[in-house]
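Understanding the architecture of this molecule
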Amino acid sequence: MREQPRRTPEREAYYARIKEKNLAPLWEVLKGIQTDEPKPHEVPTLWKYDRDVKPALLESGGVISAREADRRVLILENPGLRDYFFPCITHSLFAGLQMIMPGEVAPSHRHTQSALRFIIEGEGAYTAVDGEKTTMRPGDFVITPSWTWHDHGNETDQPMVWLDGLDIPIVDVLNCSFFEPYPEDQFPIDRPEGDSVARWGTGMVPDGHRHRAPTSPILNYSYARTREALDRMAARGDYDDCHGLKMNYINPVTGDWAMPTIGTSMRLLPKGFSGTPFRSTEGTVYVVVEGKGRTVVNGTSFEWGPRDIFVVPSWCWHYHETNGSEAVMFNYSDRPVQEKLGLYREQRGKRA
Ligand code: 1HN
């Protein structure tokens with residue numbers, strides 16, 4: 001550990017003098033930035049959906065319309081990041097819950113921030129991305145790549161809620177934010193529903209394809225297919241000690257993560273699972289899809305059930321447990337960025 005240099009009146013006077021010249025002493029600030037290990041400001045936090053989030057969301061329907069809000073989203077603000085430049089769930093990622101009521105539309109726009117939608121509840125509202133529409137169902141993972149036109153609408157008779165995960169802080173640190181509204185509510189649809197899965201999601205790719213974008217061309221990784229894959233693999237029972245049965249979503253064109261800045265996975269924890277402690281540098285947002293269990297993060301126990309959301313900050317020891325039911329959880333983090341920069345680290349512990 002570094003020693004902090006002593007502060008003396010002579011030094012303080014010197015610092016004050018050089019400040020005028022836009023100069024500052026590195027030795028006064030080095031310790032705060034080169035920490036022995038990650039010291040995230042965000043804290044482990046659990047949002048109970050049915051008890052706390054849902055009533056607030058339903059109330060928001062009477063507070064503002066989707067049109068006036070542009071996007072009616074309640075931000076999951078990490079209490080450890082209250083002084084951050086923007087309310088976020090981790091230092092690198094945003095999370096919010098968007099609700100769209102029957103008959104509403106969230107008008108088309110595009111931005112350089114990439115977004116994922118993870119569907120929480122409701123059935124049958126749509127999101128459209130660059131001319132393809134997809135009907136959303138709980139557990140679906142839908143991608144809005146950087147700089148693609150997207151709008152949402154609900155032609156059903158029930159409210160629809162999904163989680164929005166965006167790389168807002170990453171784009172901010174690089175100063176690459178661009179935004180543009182589309183002149184109409186909806187960008188024209190020019191492909192049938194399911195087109196992207198047919199083209200890219202069957203283990204084949206179109207002959208002579210020119211997909212060069214860093215984001216997967218698949219619009220919707222449906223829960224029906226994900227769940228079936230997990231079920232079939234569970235039959236063989238090869239579970240990881242820490243993660244259970246964990247599958248990462250990939251871009252079928254490159255084999256890399258589905259999104260360039262956000263890594264996404266789905267896992268199945270079997271009944272009576274008692275996970276080994278694990279930590280990694282990826283601050284991770286979890287969304288529970290099915291089942292009940294608990295996750296112990298740095299000694300704090302989070303009891304979770306369907307639709308609950310929690311966050312495990314970078315480098316925090318944690319383990320997962322289930323009891324009488326198997327559980328399915330979605331998660332996302334900034335791991336693709338860390339891997340590309342050679343920064344990603346993980347560590348497995350021992351059960352006490
Ligand atoms: C956004 O554009 C959407 O397009 C959702 O649905 C959430 C959160 C922050 C900034 C932009 C959307 C967002 C967002």
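Values in this document were obtained by computation on a predicted structure and should not be read as measured data.

With that settled, the discussion passes to the site of the ligand. As a structural note, the neighbourhood of the ligand is formed by Arg71, Phe94, Gln98, His109, His111, Arg117, His150, His152, Asp164, Leu166 and Ile168. In this structure, Gln98 approaches the ligand through a side-chain N or O atom, which is 3.1 Å from an oxygen atom. Within the side chain of His109, one N or O atom sits 2.9 Å away from an oxygen atom of the ligand. In isolation the ligand offers 330 Å² of accessible surface; the protein chains occlude 84% of this area. Secondary structure elements with two or more residues in the shell around the ligand: strand 3 (94–100), strand 4 (105–111), strand 9 (150–153) and strand 10 (160–166).

Let us look at empty space enclosed by the protein. Under the criterion given, the structure shown has one cavity of 30 Å³ or more. The volume enclosed by the largest cavity comes to roughly 110 Å³. His243, Phe278, Thr284, Tyr286 and His318 are the residues nearest the centre of the largest cavity, which is lined by 19 residues in total. Breaking the lining of the largest cavity down by element, the ones donating at least two residues are strand 15 (278–280), strand 16 (284–290) and strand 20 (318–322). For the lining of the largest cavity, a count of residues per class yields eight nonpolar, seven polar and four charged.

The strands making up a sheet associate through hydrogen bonds between their backbones, and the pairing can be parallel or antiparallel. In space, the six strands of this open sheet follow the order 2-3-10-5-8-12, with antiparallel pairing throughout. A strand with exactly one partner marks an edge of an open sheet, and here the two such strands are strand 2 (73–75) and strand 12 (220–221). Here strand 8 (residues 141–144) runs beside strand 12; their pairing, made up of two bridges, is antiparallel. Pairing of Val142 across the sheet is with Asn220, part of strand 12. Its contacts with the sheet put helix 3 (residues 49–63) on strand 2, strand 3, strand 5 (115–121) and strand 10, and the angle it makes with strand 3 is roughly 55 degrees.

This brings us to the side chain of Arg72. Note that Arg72 resides in the loop between helix 4 (66–69) and strand 2. Take Arg72: its relative accessible area is 4%, and that puts it in the buried class. Here Ile64 takes part through its backbone oxygen, which lies 2.9 Å from a polar atom of the side chain of Arg72. Separated by 2.6 Å, the side chains of Arg72 and Glu104 make a polar contact. Dropping the residues within four chain positions of it, Arg72 is found in contact with Ser60, Gly61, Ile64, Ser65, Ala66, Leu97, Gln98, Met99, Ile100, Met101 and Glu104.

This next bit is on unusual backbone geometry. If you check the backbone angles, Arg307 has positive phi at about 80 degrees while not being a glycine. On the basis of relative accessibility, which here comes to 24%, the residue Arg307 falls in the partly exposed class. Despite not being glycine, Trp315 has its phi angle at roughly 65 degrees, a positive value. For Trp315, the location among the structural elements is in the loop between strand 19 (309–312) and strand 20. For Trp315, a relative accessible area of 13% gives the class buried.

Turning next to the nonpolar core. Grouped together as the largest cluster of nonpolar side chains are 39 residues, with contacts concentrated most on Leu97, Phe118, Phe141, Leu163 and Tyr332. With residues near it in sequence (within four places) discarded, Leu163 still touches Leu76, Gly96, Leu97, Leu116, Arg117, Phe118, Ile120, Val287, Ile309 and Tyr332. Judged by nonpolar contacts, the second largest core, of 12 residues, contains Leu269, Phe302, Phe310 and Met329.

Between its first and last C-alpha, helix 3 extends 19 Å over 15 residues, near the 21 Å set by a 1.5 Å rise per residue. Among all positions in helix 3, only Tyr49, Val53, Leu57 and Ser60 are buried. Projected down its long axis, helix 3 carries its buried residues within an arc of 60 degrees, all on one side. Pointing more than 90 degrees away from the buried face of helix 3 are the exposed residues Arg51, Glu59 and Gly62. Contact partners of the buried residues in helix 3: strand 1 (45–47), strand 2, strand 3, strand 5 and strand 10.

Reading the values: rules and limits
- All residue numbers refer to position in the chain's written sequence, counted from 1.
- Given that the model is predicted, a residue must reach a pLDDT of at least 70 before its local features are reported, and side-chain atom pairs must reach 80 or more before they are shown or counted; all residues, however, enter totals for whole chains, interfaces and linings.
- Hydrogen atoms and water are omitted, and side-chain values are computed over all heavy atoms in the structure.
- We call a residue near a given molecule or strand whenever any one of its heavy atoms falls within 4 Å of it.
- What qualifies as a polar contact is a pair of N or O atoms within 3.5 Å, subject to a donor-acceptor requirement within protein and to the restriction that residues adjacent in sequence count only when both atoms come from side chains.
- For the accessible areas, the method is Shrake-Rupley and the probe is 1.4 Å, while residue cover comes only from the protein chains on display.
- Helix and strand assignments follow DSSP, with helices taken as H or I runs no shorter than four residues and strands as E runs no shorter than two, numbered in order from the N terminus.
- The distinction between a cavity and a pocket rests on a 1 Å grid over the protein atoms alone: a 1.4 Å probe fits inside a cavity but cannot get out, while a pocket stays open yet meets protein on both sides within 12 Å along at least five of seven lines, and a residue with an atom within 4 Å of a point counts as lining.
- Grid points are joined across faces, edges and corners, and a volume is the space filled by probe spheres set on the points.
- Residues are sorted three ways: Asp, Glu, Lys and Arg are charged, Ala, Val, Leu, Ile, Met, Phe, Trp, Tyr, Cys and Pro are nonpolar, and all the rest, Gly among them, are polar.
- Strands qualify as paired when DSSP identifies two bridges or more between them.
- Throughout, a residue-residue contact means that at least one pair of heavy atoms, one from each residue, lies within 4.5 Å.
- Helix axes are fitted only over the stretch in contact, all axes being lines through C-alpha atoms; the angle between N-to-C directions runs from 0 to 180 degrees.
- Burial status follows relative accessibility: with a 1.4 Å probe on protein chains alone, a residue under 20% of its type maximum counts as buried, one over 50% as exposed, and anything between as partly exposed.
- Each nonpolar core is a collection of buried residues, namely Ala, Val, Leu, Ile, Met, Phe, Trp, Tyr and Cys, held together in the definition by side-chain atoms within 4.5 Å.
- Any helix carries an expected span of 1.5 Å times its number of residues minus one.
- The arc in question is formed by the directions pointing from the helix axis toward the C-beta atoms.

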